[in-house]
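# Coordinates in review
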Amino acid sequence: MDNWPLLSLVTFLPIAGVFAIMILRGNAEDVARNARWIALWTSLIDLVLSLIIWARFDPTTSDFQFVEQAEWLPQFHIAYQMGIDGISLFFVVLSAFLTPICVVASWTSIKVRVKEYMIAFLVLETLMIGMFCALDFFVFYMFFEGVLIPMFLIIGVWGGPRRVYAAFKFFLYTLLGSVLMLLAIITVYFQVGSTDIVEALNFNFDPGLQKWLWLAFFASFAVKVPMWPVHTWLPDAHVEAPTAGSVILAGVLLKMGGYGFIRFSLPMFPDASAYFTPLVYTLSVVAVIYTSLVALAQEDMKKLIAYSSVAHMGIVTMGIFTVTSEGLQGAMIQMLSHGVVSAALFLCVGVVYDRLHTREIARYGGVVNNMPKYAFCFMVFMLASVGLPGTSGFIGEFLALLGAFRVNTWVAFFATTGMILGAAYMLYLYRRVVFGVITKDDVRAMLDLNWREIVVFVPMIAVVLWMGIYPDTFLRPLQPTIGNLIESVQSARDTGHRFAAR
Amino acid sequence: MHLALPDFMAALPEIFLAAASLALLILGAFQGDKAAREIAWLAVAALVVAFALVASPLHSHGPERQVALYGLFVVDGFGAFSKMLVLIGSALTLIMAMRFNEREGIARPEYAVLVLLATTGMMMMIAANDLISLYVSLELQSLALYVVAAFHRDDRRSTEAGLKYFVLGALASGMLLYGASMVYGFAGTTSFDTLAHQFAQGGTVSIGLIIGIVLIAVGLAFKVSAVPFHMWTPDVYEGAPTPVTAFFSVAPKVAALALFVRVMVGPFGGLVAEWRQVIWFISVASMLLGAFAAINQSNIKRLMAYSSIANVGYALIGLAAGSAAGVRGILVYLAIYVFMNAGAFAVILCMRRDGKQVEGINDLAGLSRTHPALALALGIFMFSLAGIPPMAGFFAKLYVFLAAIDTHLYVLAVIGVLSSVVGAYYYLRIVKLMYFDEPAGAFDRPIGREIQAVLVISALVVFFFFAWPGLLVDGANAVAAALFTG
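Residues numbered from 1 in each chain as written. Chains lettered and ligands numbered in written order. Predicted model: local features only at pLDDT ≥ 70, side-chain atom pairs only at ≥ 80, totals over all residues. Heavy atoms only, no water.

What chain A contains, in helices and strands, is 21 helices and two strands. Relative to its length of 502 residues, chain A is compact, with a C-alpha radius of gyration of 22 Å against a globular reference of 23 Å. Its C-alpha atoms give chain A principal-axis dimensions of roughly 75 × 55 × 40 Å. Expressed as a percentage of its 502 residues, the buried residues of chain A come to 67%. For chain A, contacts bridging at least 24 residues in sequence account for 82% of all contacts bridging at least 6. Within chain A, one finds 30 positive and 32 negative side-chain charges whose respective centroids are separated by 9 Å. (Helix = DSSP H or I, 4+ residues; strand = E, 2+ residues; numbered from the N terminus. Rg over C-alpha atoms; globule rule 2.2 N^0.38 Å. Buried < 20%, exposed > 50% of the residue type's maximum accessible area, 1.4 Å probe, protein only. Contact = heavy atoms within 4.5 Å. Lys, Arg positive; Asp, Glu negative; His and termini not counted. Charge placed at Lys NZ, Arg CZ, Asp CG, Glu CD.)

Let's shift gears to the interface of chain A and chain B. Every contact between the two is made by 31 residues of chain A and, on the other side, 38 residues of chain B. Taking both partners together, chain A and chain B bury about 3,200 Å²; carbon and sulfur atoms supply 81% of that area. Where chain A meets chain B, there are zero salt bridges. In this assembly, chain A and chain B are joined by five residue pairs in polar contact (both at pLDDT 80 or more). Looking at the side of chain A that touches chain B, the elements that each hand over two or more residues are strand S1 (65–73), helix H5 (137–146), helix H6 (148–158) and helix H7 (163–192) of chain A. Of the residues forming the side of chain A that touches chain B, the biggest block, 16 residues, is contributed by H7(A). Partitioned by chemical class, the residues of the side of chain A that touches chain B number 24 nonpolar, four polar and three charged. (Buried area = accessible area lost by both parts, 1.4 Å probe. Salt bridge = Lys/Arg side-chain N within 4 Å of Asp/Glu carboxyl O. Polar contact = N/O pair within 3.5 Å; in protein donor to acceptor, adjacent residues only side chain to side chain. Nonpolar A, V, L, I, M, F, W, Y, C, P; charged D, E, K, R; others polar.)

Below, the discussion takes up the nonpolar core. Core analysis: the largest hydrophobic core is formed by 405 residues, its most contacted members being A:Phe217 and A:Met460. Once you skip the residues sitting within four places of it in the chain, A:Met460 turns out to touch A:Phe97, A:Leu98, A:Ile101, A:Val340, A:Ala343, A:Ala344, A:Leu347 and A:Phe381. Counting residues in each nonpolar core, the second largest holds six residues, with B:Ala11, B:Phe73, B:Val75 and B:Ala127 among its members. (Core = buried A, V, L, I, M, F, W, Y, C linked by side-chain atoms within 4.5 Å.)

All names here are of chain B. Between its terminal C-alpha atoms helix H2 (residues 12–31) stretches 28 Å, which fits the 28 Å expected from 20 residues at 1.5 Å a residue. Burial in H2 covers these residues: Pro13, Glu14, Leu17, Ala20, Ser21, Leu24 and Gly28. Each buried residue of H2 lies within a common arc of 120 degrees when the element is viewed along its axis, so the set occupies one face. For H2, the exposed residues lying more than 90 degrees away from the buried face are Leu22, Ile26, Ala29 and Phe30. (Expected span 1.5 Å × (residues − 1). Arc of directions from axis to C-beta.)

This part is about helix H3 (residues 86–105) of chain A. Its 20 residues place the ends of H3(A) 29 Å apart at the C-alpha level, agreeing with the 28 Å of an ideal helix rising 1.5 Å per residue. With 19 of 20 residues buried, H3(A) is to be regarded as a mostly interior element.

Residue and element names in this part refer to chain B. Confidence along chain B averages 88 in pLDDT terms, with 97% of residues attaining 70 or more. Here helix H1 (residues 5–10) stands out as the least confident element of chain B, with mean pLDDT 70; helix H5 (residues 109–127) is the most confident, with 93. Across the interfaces of the predicted complex, the ipTM metric reaches 0.89, alongside a pTM of 0.91. (pLDDT = per-residue confidence, 0-100.)

This next bit is on the packing of helix H4 (residues 77–104) of chain B against helix H11 (residues 242–265) of chain B. All names here are of chain B. Direction vectors running N to C along H4 and H11 enclose 170 degrees, while the axes themselves pass 8 Å from each other. Comparing the axis directions of H4 and H11 gives the class roughly antiparallel. Here H4 contributes Phe78, Gly79, Ser82, Leu85, Val86, Gly89, Ser90, Thr93, Met96, Ala97, Phe100 and Asn101 to the contact with H11, which in turn contributes Thr242, Pro243, Ala246, Phe247, Val250, Ala251, Val254, Ala255, Ala258, Val261 and Arg262. Its residues assigned to classes, the contact of H4 with H11 comprises 15 nonpolar, seven polar and one charged. (Axes fitted to C-alpha atoms, helices over the stretch in contact; angles between N-to-C directions. Parallel < 35°, antiparallel > 145°, perpendicular 65-115°, else oblique.)

In this structure the tally under the stated criterion is 66 aromatic pairs over all chains. Between the aromatic rings of B:Phe394 and B:Phe395, the centroid separation amounts to 5.4 Å while the plane-to-plane angle is 70 degrees, which identifies the pairing as edge-to-face. With a relative accessible area of 2%, B:Phe395 lands in the buried category. Summarising the aromatic geometry, the rings of B:Phe463 and B:Phe466 are spaced 6.5 Å apart at their centres and angled 80 degrees between planes, so their arrangement reads as edge-to-face. What makes B:Phe463 partly exposed here is its relative accessible area of 27%. On the accessibility criterion, B:Phe466 (26% relative accessible area) is partly exposed. Residue placement shows A:Lys224 over the ring face of A:Phe144; its charged tip is 4.8 Å from the ring centre. (Phe/Tyr/Trp six-rings, centres within 6.5 Å; stacked < 30°, edge-to-face > 60°. Lys NZ or Arg CZ within 6 Å of the ring centre and 35° of its normal.)

Chain-level statistics for chain A give a pLDDT mean of 88 and a share of 98% at 70 or above. For chain A, the element scoring lowest by mean pLDDT is helix H21 (residues 472–501) of chain A, at 79; helix H4 (residues 114–133) of chain A scores highest, at 91.

Attention now goes to the side chain of A:Thr61. Residue and element names in this part refer to chain A. Examined against the element boundaries, Thr61 turns out to sit in the loop between helix H2 (28–56) and S1. Overall, the relative accessible area of 18% leaves Thr61 in the buried class. Separated by 2.9 Å, the side chain of Thr61 and the backbone nitrogen of Asp63 make a polar contact. Ignoring any residue separated from it by four or fewer positions in sequence, one finds Thr61 in contact with Pro480 and Thr481.

Set out below in structure tokens:
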């Protein structure tokens, strides 16, 4: 297996599933059932592949591993290049982990156009994994932007009542950011002379130019993350998207922004990153506090979790730009944790939504009485989201805050306030939905989790606890990469200062 | 006095096409309307033969530039590339037209003959190496196009479109001719080579010459329907029979843009600093107007008209760059544009309900349920026109933006990408109608084998372009570089 193009395999395997689903013929019922099974098996095999990659990943080096290269446009020094390091490894695993969960979660709740739905999710999986593996800027950009197409369709076709508005807002917001990044990528290409990401990472850009390029990349990633004040597409997209769409959106798509900051903005533009750090801190802190307050006032469960995502991602951006080993590791763990936890929370909402077809918090109450298993799962994820020690959320937030504290006490102070608010809105949500007495007949009639839902939740709970109790599994492969990143940023900044002094 | 044979060999494809159109005209005159389909297929065959002739080394001495017919005519890689695109565009749209014309009762042999004549004119335009041959070939093309626009002669909209096109087109030709006479008056020659030689030295140029160049640019901007000379486009596109609109949006556009490039970087190449701002402005204006004006359109043909205006704006970015990279960008853009547009119009031609052609955008509602394959194809074309990877349209935009950044035209590039986001809105609106909305009723079936073929070919090209971009890009790269060194 040593010579297998594992990354291409894990990236493009879902496409094989797409072709298999496409050729399905017969009556609608059979086609729908077969499409579900094909999608499930494809994504499960892909998950196994990604786990194999993790097992074979060498955690002692910061170099890119499993590197693949193929000619694409040799005249322009543009090549198909794949490779992963500690940073991208977990995002690949995360994407492969969430896709089968999405398929299972949509098993019965999606009833129309099942075939197209499964195709959209498999295509989405290919694009997400490909984006995290790409080591060439144009390959990266194609995956990065290609994600918009299936997501646009998922929101627009299977979404809620205001789905058209939400789908357009999502698409145009993200596109606006990406096209500016495209121009920056082209400029980088002319500076470096090729679109090789590794080469660009080791290239010293002129400090004046860095600022412009940083801003252009920022435009794209800030929208993706999303940072305040360009986060407004997120609540709309989440509320209107089908449950599995929200899961992928919160679980993986938001991480593309954070990944971009770590992969590109920091190492390529170290001086500009230093220059703009106060801006990022400000936006992050505003995001943490402001969106937490907004979340407190929400009537809609999905909207509340969407706002909490913005707050959690604020911690991530703050952690990244501390450029400390704690901050970056915290940001990474926070992203992974949020990827699982918020995905699970959206699934929790989906569970009750499937039964009552409303997401209004006030319509529920006392669910614990007739749905104890559900109440337990919801509690685990709620506490992980709050950052209870022993859960994944704690590790991420704690490390990120530690990093921030070392660099800037005030930022850490304000971010911590946001976390207190976070506990407030999550507990408040939990109390209103789960506790109390049942006053409504339709709530009383709700059934507890069925086996399919349990199958979805159990692995997610396991991951959340594992990450919280023994985070070293996840931190070890990260450390060399992050250490190397910090070193290169610091040395580049030092030479930059020397240039300035001279 | 003798004419050496190789002189004519250089123009072999054009000569063949002209002869073929005359032969088909005679055939049509004898056979009458019942032979319309056969003659259309023969015309397609003639286009294919002409394509082979252009591609073969028969009429030129290898890839290098060759001037023939007493300096009026030039054969080079750039020309061959553009001619092939024109021929593909003409052939695809001619195939699409057959069934439509039969249904509408306008299946006459003259249609194919006129398309062939127009194509001959376009090929000569691309090969023009003198202001006089430029004008003559442009008129050959335009006159044929005026007639084709009014081909549905019993239809008020079609005749109106033809008349409008004719009057405004004549005005543009007049301006171009006036510009050419100014250039001749101040420079003393009409030959591109001599002009290029004169301006290569740089130095100051008289104001009269500048006016001449600008007037020529205006005439050409009209032909490519760039803002502010675009007014005819929506009306003509809407009024003309749909296959004619498809034809207009593809072949003449390629030819006129190729001619634009030829004139600007050839004879006036030394004056790029003088005309760049003009092109810059038309490019920006076209992109913005194309993006914003299309938002409110409810007729799909009008929408495609504004879309084509915006697309010309993007292609002109490459001309504004005025470099080999820019010309490469234009060629890549045009090649992809031919397939995107031919495909999109093939779908529009399928929009028939109860035996009647419908053109409202809302008629596409729910197409993904009533006709999933058609919806998928149009979806691919729309995402491609919006420039979303991995569709071919992304590469089209990528290469012109590469050229713009290379020449440090940052503002132009930023305006370009921003207007492409605005443009994405209306392309997405069509996707939304097809996929998100409830069906408005099915279209008539079957859609016809010819159209199916065009659809499949264009969709495959547009979708799978990303896998082998080198096939096209390397070719465009080579001929664009040759245009500047040769």
